[in-house]
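# Results of the structural survey
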Number of protein chains: 2
Amino acid sequence: MKAELISVGTELLLGDILNTNAQYLSKELAALGITVHHQCVIGDNTARLAKLVEEAKQRSDLLLFTGGLGPTADDLTKETVAQVFGDELVLDPEELDKIKMYFECRGGMPHNNEKQAMVPKRGKKIPNSCGTAPGVLFEDGSCTAILMPGVPHEMREMFERSVRGILMQMAGGAIVSTMLHVFGPGESALEEMVGDLLEGGNPTAALYAKNCEVAVRVTARGEDEQQAETLREALVQKFRDRLGDLIYSEEAEGLERVVVSVLTRQRRRLATAESCTGGLLAQRITSVDGASEVFDFGAVTYAAAAKRRILGVKPAAIKKYSVYSATVAAQMAFGVQKQGKADFGVGITGIAGPTGGTEEKPVGTVYVAVSCGHEVWVKRLSVEHSERSRVRRMSTQHALDMVRRIALGLPVPDARRFGRHAVEEF
Amino acid sequence: MKAELISVGTELLLGDILNTNAQYLSKELAALGITVHHQCVIGDNTARLAKLVEEAKQRSDLLLFTGGLGPTADDLTKETVAQVFGDELVLDPEELDKIKMYFECRGGMPHNNEKQAMVPKRGKKIPNSCGTAPGVLFEDGSCTAILMPGVPHEMREMFERSVRGILMQMAGGAIVSTMLHVFGPGESALEEMVGDLLEGGNPTAALYAKNCEVAVRVTARGEDEQQAETLREALVQKFRDRLGDLIYSEEAEGLERVVVSVLTRQRRRLATAESCTGGLLAQRITSVDGASEVFDFGAVTYAAAAKRRILGVKPAAIKKYSVYSATVAAQMAFGVQKQGKADFGVGITGIAGPTGGTEEKPVGTVYVAVSCGHEVWVKRLSVEHSERSRVRRMSTQHALDMVRRIALGLPVPDARRFGRHAVEEF
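Residues numbered from 1 in each chain as written. Chains lettered and ligands numbered in written order. Predicted model: local features only at pLDDT ≥ 70, side-chain atom pairs only at ≥ 80, totals over all residues. Heavy atoms only, no water.

## Let's talk about the overall build of chain A
Tallying secondary structure elements over chain A gives 14 helices and 18 strands in all. For 426 residues, the compact-globule formula gives about 22 Å, and the C-alpha radius of gyration of chain A, at 29 Å, lies well above that figure. Seen through its C-alpha atoms, chain A measures out along the principal axes to roughly 85 × 50 × 40 Å. A sequence separation of at least 24 residues applies to 67% of the contacts in chain A between residues at least 6 apart. (Helix = DSSP H or I, 4+ residues; strand = E, 2+ residues; numbered from the N terminus. Rg over C-alpha atoms; globule rule 2.2 N^0.38 Å. Contact = heavy atoms within 4.5 Å.)

## Quick word on the interface of chain B and chain A
In this complex, chain B contributes 69 residues to the contact, which on the side of chain A involves 68 residues. The junction of chain B with chain A conceals about 5,400 Å² of combined surface from both sides, 53% of it contributed by carbon and sulfur atoms. Across the salt bridge formed by R388 of chain B and D289 of chain A, the nearest N and O atoms sit 3.6 Å from each other. Run the count over chain B and chain A and you get 33 residue pairs in polar contact (both at pLDDT 80 or more). (Buried area = accessible area lost by both parts, 1.4 Å probe. Salt bridge = Lys/Arg side-chain N within 4 Å of Asp/Glu carboxyl O. Polar contact = N/O pair within 3.5 Å; in protein donor to acceptor, adjacent residues only side chain to side chain.)

## Focus: the packing of helix α3 (residues 46-59) of chain B against helix α4 (residues 77-84) of chain B
All names here are of chain B. It is at 9 Å that the axes of α3 and α4 come closest, and there the two elements cross at 45 degrees. One finds that α3 runs oblique with respect to α4. The element α3 and its partner α4 pack so that their crossing is right-handed. Listed contacts from α4 to T46, L49, A50, V53, E54 and K57 of α3 are T77, T80, V81 and V84. In the contact of α3 with α4, the residues fall into five nonpolar, three polar and two charged. (Axes fitted to C-alpha atoms, helices over the stretch in contact; angles between N-to-C directions. Parallel < 35°, antiparallel > 145°, perpendicular 65-115°, else oblique. Left-handed = near helix turned anticlockwise from the far one by under 90°. Nonpolar A, V, L, I, M, F, W, Y, C, P; charged D, E, K, R; others polar.)

## Brief notes about the side chain of Q23 of chain A
Along the chain, Q23 of chain A turns up in helix α2 (residues 20-31). Each residue touching Q23 of chain A, except ones within four places of it in the same chain, is listed here: G15, D16, I17 and L18 of chain B.

## Brief notes about the pattern of salt bridges
Charged atoms that come close allow side chains of opposite charge to pair. Residue and element names in this part refer to chain A. Taken as a whole, this structure holds 51 salt bridges over all chains when the rule is applied. Across the pair E28 and R164 runs a salt bridge whose closest N-O atoms are separated by 2.6 Å. With E28 in helix α2 and R164 in helix α6 (residues 152-171), the pair connects residues that are 136 residues apart, well separated along the chain. For R164, a relative accessible area of 21% corresponds to the partly exposed category. Between E88 and K121 there is a salt bridge, and its shortest N-O distance comes to 4.0 Å. Highlighted residues: E88 in the loop between α4 (77-84) and β4 (89-91) and K121 in the loop between β5 (118-120) and β6 (124-126), separated in sequence by 33 residues. Since its relative accessible area comes to 45%, E88 is described here as partly exposed. Since its relative accessible area comes to 56%, K121 is described here as exposed. Bridged by salt links that share partners, the residues D92, E94, E95, K98 and K125 form one connected network. (Buried < 20%, exposed > 50% of the residue type's maximum accessible area, 1.4 Å probe, protein only.)

## Comments concerning the packing of aromatic side chains
Following the criterion strictly, the structure yields 11 aromatic pairs over all chains and no others. Consider the rings of Y24 of chain B and F159 of chain B, whose centres lie 5.8 Å apart with planes at 85 degrees: the pair is edge-to-face. One end of the pair, Y24 of chain B, is in helix α2 (residues 20-31); the other, F159 of chain B, is in helix α6 (residues 152-171), and 135 residues separate them in sequence. Note on F159 of chain B: relative accessible area 0%, which makes it buried. An angle of 90 degrees between the planes, with centres 6.1 Å apart, marks the rings of Y367 of chain B and F426 of chain B as edge-to-face. Note that Y367 of chain B is positioned in strand β16 (residues 365-372) and F426 of chain B in the segment after β18 (416-419), a separation of 59 residues in sequence. An aromatic cluster is present here, built from Y367, F418 and F426 of chain A joined pairwise through their rings. The side chain of K57 of chain B reaches across the aromatic face of F85 of chain B, ending 5.2 Å from its centre. (Phe/Tyr/Trp six-rings, centres within 6.5 Å; stacked < 30°, edge-to-face > 60°. Lys NZ or Arg CZ within 6 Å of the ring centre and 35° of its normal.)

## Digging into helix α9 (residues 255-266) of chain A
All names here are of chain A. If you check α9, its first and last C-alpha atoms are 16 Å apart, about what 12 residues at 1.5 Å a residue would give, namely 16 Å. If you check which residues of α9 are buried, you get L255, E256, V258, V259, V260, V262 and L263. Tucked into the core, α9 has its buried residues touching β12 (247-249), β13 (270-274), α10 (280-286), β15 (344-350) and α14 (388-408). Count one or two residues on from α9 and you reach R267, which has phi positive near 50 degrees. (Expected span 1.5 Å × (residues − 1).)

## Focus on the confidence of the model for chain A
Interpretation of this model should avoid reading the predicted coordinates in detail wherever pLDDT is low. A residue-level look at chain A finds 99% of positions with pLDDT of 70 or above and a mean pLDDT of 91. Here the prediction assigns the complex a pTM of 0.74, and the interface score ipTM is 0.71. (pLDDT = per-residue confidence, 0-100.)

## Let's talk about the sheet that holds strand β12 (residues 247-249) of chain B
Residue and element names in this part refer to chain B. Pairing is antiparallel across the open sheet formed by four strands, whose spatial order is β10-β11-β9-β12. Taken across any chain shown, the strands that pair with only one partner, and hence form the sheet edges, are β10 (204-210) and β12. Direction aside, the axes of adjacent strands within the sheet are offset by 35 degrees on average. Bridge count for β10 against strand β11 (residues 213-222) is seven bridges, and the pairing is antiparallel. Residue pairing across strands places Y208 opposite A215, the latter belonging to β11. Across the face of the sheet, helix α7 (residues 187-194) comes into contact with β9 (174-182), β10 and β11 while running at roughly 160 degrees to β10. (Pairing = 2+ DSSP bridges.)

## A look at the environment of L29 of chain A
Residues and elements named next belong to chain A. Looking at the secondary structure, you find L29 in helix α2. Sequence spacing of L29 and A73 is 44 residues, and the spatial spacing of their C-alpha atoms is 31 Å. Ignoring any residue separated from it by four or fewer positions in sequence, one finds L29 in contact with A3, L5, I34, V36, L64 and L167.

## Some points on α6 of chain A
All names here are of chain A. Its 20 residues give α6 an end-to-end C-alpha distance of only 24 Å, which falls more than 12% under 28 Å, the value for a rise of 1.5 Å per residue. Its axis deflected by about 50 degrees at F159, α6 carries its strongest bend there. All of the buried residues in α6 are E154, M155, M158, F159, S162, V163, I166 and L167. Those residues of α6 hidden inside the fold are in contact with α2, β3 (62-66), β6, β7 (135-139) and β8 (144-148). Two residues or fewer after α6 comes G172, characterised by a positive phi angle close to 70 degrees. (Bend = angle between axes of the 7 residues up to and from the residue.)

Below, the structure is given as structure tokens:
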């Protein structure tokens, strides 16, 4: 079944409001296995709306409308769609009573509200439990149109209570999907690794790059839930086999969530010492509910003096290797591990830009160190040609992934491992 | 000029992401006096996209595309639009070099990235300052198509830097606009204060609520820039008269920017001690280029023990007033002011939720203290009925606004002022 969403309202075309209805309905339809192949927004204009409805009716089996059911003169969705579907609107006494009752304690019904009580003769009305405008359904054999209010909470209520049931009957079958969250390879590198798995028709998989990581969505459709789940699981397993521990979560997004949950389970604690990331790492960890189980203390030591005073970084190390060095990152990690009485210390120092780079260590050079006991893992990153915020975000991604890997006993790719007093520069 | 927005991406049709690009562009075009009469979303499917572009080209003078410029096989906007506009794509050596450089330190360019360097032969390319995919422009006499990336920050950057200028030339005349950034009243309170100033036709003003503050955009159109600027300035002055120091900036957004620039000018320094905001304040300050001029040290003291050890908060105060108190916030501020050898100390402690609230101090109760010399200003916030992230964001907003006001000698509304040893609970 091919579906199409049509949002009616000049306020959307002016950018005054965000079209959250389209996202909500798209997601709900995807979950029902109904393919949305167009979303449109159109203003309160009869001629343009009629033209759009005619086109949409040709190419789609199901049209879902939001908006334009209200009492004012520019609310014309119902009248226009009725015309295109060759249906007629008649006054529904029951709806009229409801509307009159609603306005009774509000000083009487303004006359223009009567038109909200008009319902299709051949089609049917859909009850609105939290507003005065009922939804309506038009049908003409090959195509079904469902009209809902534009106010998001009214629309959702109507969808939940009535429309979803109607659509389930129309669609039949079940659909399930999973998100795999991957850190390490970028979107195109990942596509080269799993390109062949992205090509099937059912189950399907797709990549979504965002926030310095990539998500893989695996969706399957079946005659019932059981069958859909079996199909999905088979494809998910192929991704697991291919990607292994690059998949950091099959549930919620965010390396910080995984770190908080792994350390909570292990009853271990983490402390952070940040220079160029300026508190972003602490902020990400503490954004997770329950972070206080694993996190007591973070230091943002921007100045070299603060690195010495708070974390005990050795002036000699700064002088010899500069503040942007593996040695200083490691000393920051051990220093904060001690100060915070933690099991893990993280030290991050580097050049977020836009200034401060040198030829040998350009903007985007960041050292990330994670200490645990008397050992430390250090990565040198080169987040080049990137803006400040991306350098910062990417640095925290690596720090969190390193903690995850060390805590779980996984290998830490691209990191070097040293004893406390044996850190080498690289 | 009639315009139409076309967003390309299956992730929009699946409801995985919200189409914020459509709202942003609609608003920007409205400000330029360009009428948007259609917004469409379509999947990564050549045939359907081509059909849509053909229809859109018939009915509109300007088509703005977002999405589908990336390296993967399903990124096909550029190829499809080129075909409909009868243009040809050729490899641009300059863009290819940029992309190769970007991938140099990432282990080499995956082959599929080459297609991002293809640009129109007859049309032109539009530089992308924060991504690898350039934008492109196609023209065929009656219609212009502009293709931008789908990633919101890349798209906005490209729009600000290049596309707005192109559209202004197309629209004719001159348009100037200013953003006034306001912190304090919420959107509806602000609307009550300045509602009458939002009604004119030219110049126009509109409110944009976001991130716990409100921006006012004042736009004027004139035959030339001079005339437009005179009109704009007259309306801006009315907002200044009405809002006074609630306007924290007429330039860049972000209280952190104002704080960094004011303190840099005054050669004063700031240190931060955060509990419930978990590093967000330090992160916001250090996100500003040049933050090292004013910021050396921030502490994220999540545990009571860390508050004592690092900041010298008195156990007796915690016992008597709890960690969520004016006294503890003030001691955190003075403690970090001393530790960081700074002129200002900020202490934030409170309950970000979702758990930890009590009847007397529910979730959303936050104490923000700013010390300066031997004095301290303390605010008690009640960010009620809010999620964790909003409580955190709002707390940092107040902290930054307090620092701005104290540094500039402005009154600090809703704050109480105490001597170092005379803090009272409230």
